[in-house]
2 protein chains.
Amino acid sequence: MTRSQLTHEDKAFLSTYDPATYERPAVTVDLVILTILDDRLVLLLVQRNEPPYRKKWALPGGFVRVGNGKSSRGEDLLEAAQRELSEETGLPTDDILLAQIGAFGAPMRDPRMRVVSIAYAALVRPTLAPFIQAGGDAARTEWTALNDAMKMPLAFDHPEIASKALQWLRDQLVRSSIARSLLPPTFSIAELRRVHEAILDVSIDPGNFRKRFLRMIDDSVIEQAPGRRITASKPASVYRFVDTGRS
Amino acid sequence: MTRSQLTHEDKAFLSTYDPATYERPAVTVDLVILTILDDRLVLLLVQRNEPPYRKKWALPGGFVRVGNGKSSRGEDLLEAAQRELSEETGLPTDDILLAQIGAFGAPMRDPRMRVVSIAYAALVRPTLAPFIQAGGDAARTEWTALNDAMKMPLAFDHPEIASKALQWLRDQLVRSSIARSLLPPTFSIAELRRVHEAILDVSIDPGNFRKRFLRMIDDSVIEQAPGRRITASKPASVYRFVDTGRS
DNA sequence: ACAAAAGTGTTAATTTTACACCCATGC
DNA sequence: GCATGGGTGTAAAATTAACACTTTTGT
């Protein structure tokens, strides 16, 4: 909805409009940054330096910049998530999938004040994960297996957010080629299978998975790529997702 | 996260903490209130009385109550959605499914000020729909076919929100028994089929749908109910969703 | 030679899809 | 009677699932 679509009446109204000073919540973005390490689905936790929940592990996140609300309006929610992602990890955000997974606004979720947080999942290729460096005000950052993280006493309502992210990821896995964002540009059948196994936390018959995979090739979702992947035994062919124009 | 889980350090910190006066966005909830009328999926639109977008059709919605942010913290996001739902429709909210479908916070989505809106879908049984009465500050309210609505010049970014709601509903339909919320307590096979047809906007073979339906009976998702449904021709048996304890 | 992981094949069970047809009711 | 929509059956095709087997490599 751009300003140019407003009517004359709207513009006249706005020139005299003074936004009422309602009480407003703070708005933040929280990130569930995920990748696959050692065939396990892991997320990035930061250890808090400041109260509340000092020394507790938490999801990275921060305030959405809003400008002064009139002449400058600040950033979109996705932009805020991208900024936080790059602040916390030092990684370029253009190769990392960010998807909104929900809004969390329980009145007492932050003891300091009323905060509504928009949660995003970030899927990082494992090849990028080693380059992550602690940033911002975090004392330490650490990759933690999602299974373990959900049993930890994370700060705020972050266990709930992490759980929602896992739900979201599992849903996406069946319905789309989301695994693409958790793999190098080319990958073997077994590598894709292990991503599925890590996300769904099940083991999958290699033979049967292969058949599903070959069907994806029939459907032109995936195509063979040049080269082979060296493994502990027989080398495997590598494949890539067919580029559909969209980033 | 309740207050009792805070450490002593946290409590000491909080007693001296003065929430910084960051600029904050207004936070609202917007509702995509859906039901099935004449075998069509329809949503409730209200005609705006005030600028901006005066006379334009819009989704019902309103501000989340936040209290003063300290001693009183106001309502949860879902509570805000429930309150708006009952204000706008006059219906009791306890029989209406409300699910969060996303947060929308583009900087210029509201020309008056920076607003972040949490969108909820509300599924209303068609038996309740006739009792809806215009409430609040809306000039008129009207059920509109979702197909048509998405071609209308709705106010703000409401087309985007409506589209997200449809996506959400279609996803849920395959994965859960969400159709329950759009049907009377008991229903015929054909009635459930027509709900599916309306939501997916396809026609479904009655014989094949029946077989899927019977499988749901095998799985104890659905059971036969007493009575029959009078139709234009042969009367149909009626069924109900098995009560699984959860509302 | 052997272990390990890639890759292939077989079979039964289940599910999907298209379509033909019978049955009970209101008009 | 006959149109309408409920209800039933059949058969091909596609998918899933369990599992045995062969091939190619590194050590």
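All residue numbers here refer to positions counted from 1 along the written sequence of the relevant chain. Just so you know, chain letters begin at A and ligand numbers begin at 1, following the order they were written in. Only residues with pLDDT of at least 70 are given local features in this predicted model, and only at 80 or more are side-chain atom pairs given and counted; all residues enter the totals for whole chains, interfaces and linings. Heavy atoms from the whole structure form the basis of all side-chain values; hydrogens and water molecules are not counted.

*Asks:* Can you help me understand the protein's contact with DNA strand D in this one?
*Replies:* Close to DNA strand D lie 18 residues; Asn208 and Arg215 of chain A together with Arg210, Lys211 and Ser233 of chain B are nearest. Sugar and phosphate atoms represent 58% of those atoms of DNA strand D found within 4 Å of the protein. Contacts described as polar in this section are N or O atom pairs within 3.5 Å, which, within protein, must combine one atom able to donate a hydrogen with one able to accept it, while residues neighboring in sequence count only if both atoms come from side chains. One of the backbone nitrogen or oxygen atoms of Ser237 of chain B is found 3.0 Å away from a phosphate oxygen of DNA strand D. By the criteria applied, helices consist of DSSP H or I runs no shorter than four residues and strands consist of E runs no shorter than two, each listed in order from the N terminus. Within the residue set of the surface near DNA strand D, elements represented by two or more residues are α6 (206–218) of chain A together with α5 (189–200), α6 (206–218) and β9 (236–241) of chain B. Polar here means any residue other than Ala, Val, Leu, Ile, Met, Phe, Trp, Tyr, Cys and Pro, which are nonpolar, and Asp, Glu, Lys and Arg, which are charged; Gly is therefore polar. Here the residues of the surface near DNA strand D are counted per class, giving 5 nonpolar, 5 polar and 8 charged. Proximity criterion: a residue is near a molecule or strand once any of its heavy atoms comes within 4 Å of it.

*Asks:* I keep staring at the domain arrangement of chain A and nothing clicks. Help me out?
*Replies:* Residues and elements named next belong to chain A. Residue ranges assigned to each domain were obtained from an automatic or database domain assignment. Segmentation of chain A into domains returns domain 1 (24–176) and domain 2 (183–247). Spacing between the C-alpha centres of domain 1 and domain 2 amounts to 28 Å. Only heavy atoms enter the contact rule, under which two residues are in contact if any of them lie within 4.5 Å. Every contact between the two is made by 12 residues of domain 1 and, on the other side, 9 residues of domain 2. Overall, the association of domain 1 and domain 2 removes approximately 960 Å² of surface from exposure, summing both partners, and the carbon and sulfur fraction of that is 68%. Each of two parts loses accessible area, computed with a 1.4 Å probe, when they are put together; buried area is these two losses added. A per-residue breakdown of the area domain 1 buries against domain 2 is headed by Asp39, Arg170 and Leu173, which together make up 49% of the total. By salt bridge we mean one thing: a side-chain nitrogen of Lys or Arg within 4 Å of a carboxyl oxygen of Asp or Glu. Taken together, domain 1 and domain 2 are joined by 1 salt bridge. For Arg194, the salt bridge goes to Asp39, with nearest N and O atoms at 3.7 Å.

*Asks:* Please clarify how the interface of chain A and chain B should be interpreted in this entry.
*Replies:* Accessible area lost upon the coming together of the parts is a frequently used measure of interface size. Each side of the interface is counted separately: chain A has 51 residues, and chain B has 51 residues. When chain A packs against chain B, close to 4,800 Å² is buried across both sides, 59% of that on carbon and sulfur atoms. The interface formed by chain A and chain B includes 2 salt bridges. One salt bridge connects Asp171 of chain A with Arg175 of chain B, and the closest N-O pair in it is separated by 3.7 Å. When residues of the side of chain A that touches chain B are traced back to their parent elements, those giving at least two are α1 (8–16), β1 (26–37), β5 (97–104), β6 (115–123) and α4 (158–175) of chain A. In terms of residue class, the side of chain A that touches chain B is built from 28 nonpolar, 7 polar and 16 charged.

*Asks:* For this particular structure, what's the right way to read the side chain of Thr89 of chain A?
*Replies:* Residues and elements named next belong to chain A. Residue placement: Thr89 occurs in helix α2 (residues 77–89). You can call Thr89 buried: its relative accessible area is 0%. Polar contacts involving the side chain of Thr89 include one to the main-chain carbonyl oxygen of Leu85, which spans 2.6 Å. Burial classification: accessible surface area is computed with a 1.4 Å probe over protein chains only, and a residue below 20% of its type maximum counts as buried, one above 50% as exposed, and the rest as partly exposed.

*Asks:* Looking at this structure, I do not really get the nonpolar core. What am I missing?
*Replies:* Residues belong to one nonpolar core when they are buried, are Ala, Val, Leu, Ile, Met, Phe, Trp, Tyr or Cys, and are joined through side-chain atoms within 4.5 Å. Counting residues in each nonpolar core, the largest one holds 43 residues, and the members touching the most others are Ile118 and Tyr120 of chain A together with Ile118 and Tyr120 of chain B. Within the residue set of this core, elements represented by two or more residues are β1, α2, β5 and β6 of chain A together with β1 (26–37), α2 (77–89), β5 (97–104) and β6 (115–123) of chain B. Each residue touching Ile118 of chain A, except ones within four places of it in the same chain, is listed here: Val27, Thr28, Val29, Asp30, Leu77, Gln100, Gly102 and Ala103 of chain A together with Ala103, Val116 and Ile118 of chain B.

*Asks:* Teacher, can you tell me more about the pattern of salt bridges here?
*Replies:* For side chains of opposite charge, pairing can occur when their charged atoms come near one another. Within this structure, the stated rule accounts for 28 salt bridges over all chains. For Glu197 of chain A, the salt bridge identified is with Arg193 of chain A, shortest N-O distance 3.5 Å. Of this pair, Glu197 of chain A and Arg193 of chain A both sit in helix α5 (residues 189–200), 4 residues apart, roughly one helical turn. Arg193 of chain A shares its class with Glu197 of chain A; the two are buried. In this structure, Arg83 of chain B engages Glu87 of chain B in a salt bridge whose closest nitrogen and oxygen atoms are separated by 3.1 Å. Of this pair, Arg83 of chain B and Glu87 of chain B both sit in helix α2, separated by 4 residues, roughly a single helical turn. Its relative accessible area of 15% is what places Arg83 of chain B among the buried residues. A relative accessible area of 36% places Glu87 of chain B in the partly exposed class. A cluster of three or more residues bridged by salt bridges with shared partners is formed by Arg65, Glu75, Arg83, Glu84 and Glu87 of chain A.

*Asks:* Would you explain the relation of the copies chain A and chain B in this entry?
*Replies:* Copy-to-copy alignment: least squares on C-alpha atoms, limited to residues at pLDDT 70 or above in both. The transform that puts chain A on chain B rotates by 180° and translates by 0.0 Å along the axis, for an RMSD of 0.1 Å. Expressed as a symmetry operation, the mapping of one chain copy onto the other fits a two-fold axis.

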